[in-house]
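Residue-level structural notes
Each chain, letter by letter, is given below.
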Amino acid sequence: MLLRWRLSHIHGYVELGLLRQAAAELRAIPRAERNRPEVLPARMALHQAAGQWGPLRTAARAWVKYRPEDPAGWITWAYAARRSVSLAAAERILRRALRQHPREATIYFNLGCYASRRGDQDAARILVARAVALEKSFAELALTDPDLEGLRAAQKS
C-alpha cells in the first residue's frame, strides 16, 4: 500500500513539475523495491521530465523486458537512446519494436523522422505515409516536425 501511495505521489509531482519532490519520493522507496516493475513507469516519467536520458534509457529498456507488448516502452527507450547514444541506436530499437508492433503508427513516424535525418527521403516518405495510414493525426504533425525538414524540402523540389 505504501509503495502505491509513493508512486502516485511521484506521478503527481512530475505532472506539477515538482521534480525535486518526485525524486525525493523515489528515493524514499526502499532500495530493494526500486527496481520492481511497477516502479519503472514512475522512474521513466521522472527521468523524462528531468531530461535524464541515460537513466531514462535504462528504465525504459527494463520496462520493455518486463512488458514487451507495450509499444510506449519501446518508443520511450528509443527516444532516450536518441538523446543519450545516437540516432542509429534509436533506429535499431524501433526496428526491433516494429517486428512486435507492426501496426503502431508512432513507430513508423519516428522511423520516418530518423530516415529523413539520415538523408534517406524516399524511406522517410514511405514510413511517414504508413504512419498516416494508421493514424491520420500524423499528417498534421508531419507538416511541422523539425526532423522532417529534409522530407518537406525534397517534396517541394
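Note that the structure is a prediction, hence the values are computed from the model and not measured. (Residues numbered from 1 in each chain as written. Predicted model: local features only at pLDDT ≥ 70, side-chain atom pairs only at ≥ 80, totals over all residues. Heavy atoms only, no water.)

So, the overall build of the protein chain
- Assigned secondary structure in the protein chain consists of ten helices and zero strands.
- Taking the principal axes of its C-alpha atoms as reference, the protein chain extends roughly 60 × 30 × 30 Å.
- The buried share among the 157 residues of the protein chain stands at 39%.
- Taking as baseline every contact in the protein chain between residues at least 6 positions apart, the subset at least 24 positions apart corresponds to 46%.
- Carbon together with sulfur atoms contributes 53% to the accessible area of the protein chain, which is approximately 8,800 Å² in total.
- Put simply, the protein chain has 26 plus and 15 minus side-chain charges, and the middle of one group is 6 Å from the middle of the other. (Helix = DSSP H or I, 4+ residues; strand = E, 2+ residues; numbered from the N terminus. Buried < 20%, exposed > 50% of the residue type's maximum accessible area, 1.4 Å probe, protein only. Contact = heavy atoms within 4.5 Å. Areas by Shrake-Rupley, 256 points an atom, 1.4 Å probe, with all protein chains shown as cover. Lys, Arg positive; Asp, Glu negative; His and termini not counted. Charge placed at Lys NZ, Arg CZ, Asp CG, Glu CD.)

As for the environment of G119
- With respect to the secondary-structure elements, G119 resides in the loop between α7 (105-118) and α8 (121-134).
- When the C-alpha atoms of G119 and A129 are compared, they prove to be 17 Å apart, with ten residues separating the residues in sequence.

Focus on the side chain of S116
- Looking at where S116 falls in the secondary structure, it is placed in helix α7.
- A relative accessible area of 5% means that S116 is categorised as buried.
- Excluding its chain neighbours within four sequence positions, the residues that come into contact with S116 are Q121, A124, D147, L148, G150 and L151.

Details of the side chain of R43
- Assignment of secondary structure puts R43 in helix α3 (residues 40-50).
- There is no salt bridge for the buried R43, and the closest opposite charge comes from E38, which lies 10 Å off by N-O distance. (Salt bridge = Lys/Arg side-chain N within 4 Å of Asp/Glu carboxyl O.)

Considerations on the layout of surface pockets
- Looking at the largest pocket, its volume works out to about 170 Å³.
- Surrounding the largest pocket, Q48, I75, T76, Y79, R82, R83, N110, C113, Y114, D145 and D147 form its lining.
- Those elements that place two or more of their residues in the lining of the largest pocket are α5 (71-84) and α7.
- The element best represented in the lining of the largest pocket is α5, accounting for five residues.
- Among the residues forming the lining of the largest pocket, the class breakdown is four nonpolar, three polar and four charged. (1 Å grid on protein atoms, 1.4 Å probe; cavity = no way out; pocket = protein on both sides within 12 Å on 5 of 7 lines; lining within 4 Å. Points joined across faces, edges and corners; volume = space filled by probe spheres on them. Nonpolar A, V, L, I, M, F, W, Y, C, P; charged D, E, K, R; others polar.)

Quick look at the environment of M44
- Here M44 shows up in helix α3.
- Taking the relative accessible area as the measure of exposure, M44 reaches 11% and is therefore buried.
- With near-sequence residues (within four places) excluded, M44 lies in contact with L56, A59, A60, W63 and T76.

Notes on α3
- Within α3, the full set of buried residues consists of L40, A42, R43, M44, L46 and H47.
- Summarising the contacts, the buried residues of α3 are in contact with α1 (2-16), α2 (19-28), α4 (53-66) and α5.
- Trailing α3 by a residue or two, G51 shows a phi angle of about 65°, which is positive.

Looking at the nonpolar core
- Residues L94, I107, F109, L111, Y114, V128 and L148 are the most contacted members of the largest nonpolar core, which totals 36 residues.
- Where this core is concerned, the elements lending two or more residues are α3, α4, α5, α6 (87-100), α7, α8 and α9 (137-142).
- In terms of residue count, α7 provides more of this core than any other element does, eight residues in total.
- Apart from residues no more than four positions distant in its own chain, L94 is found in contact with W74, I75, A78, I107, N110, L111 and Y114.
- Counting residues in hydrophobic clusters, the runner-up holds eleven residues, among them A22, I29, V39 and A42. (Core = buried A, V, L, I, M, F, W, Y, C linked by side-chain atoms within 4.5 Å.)

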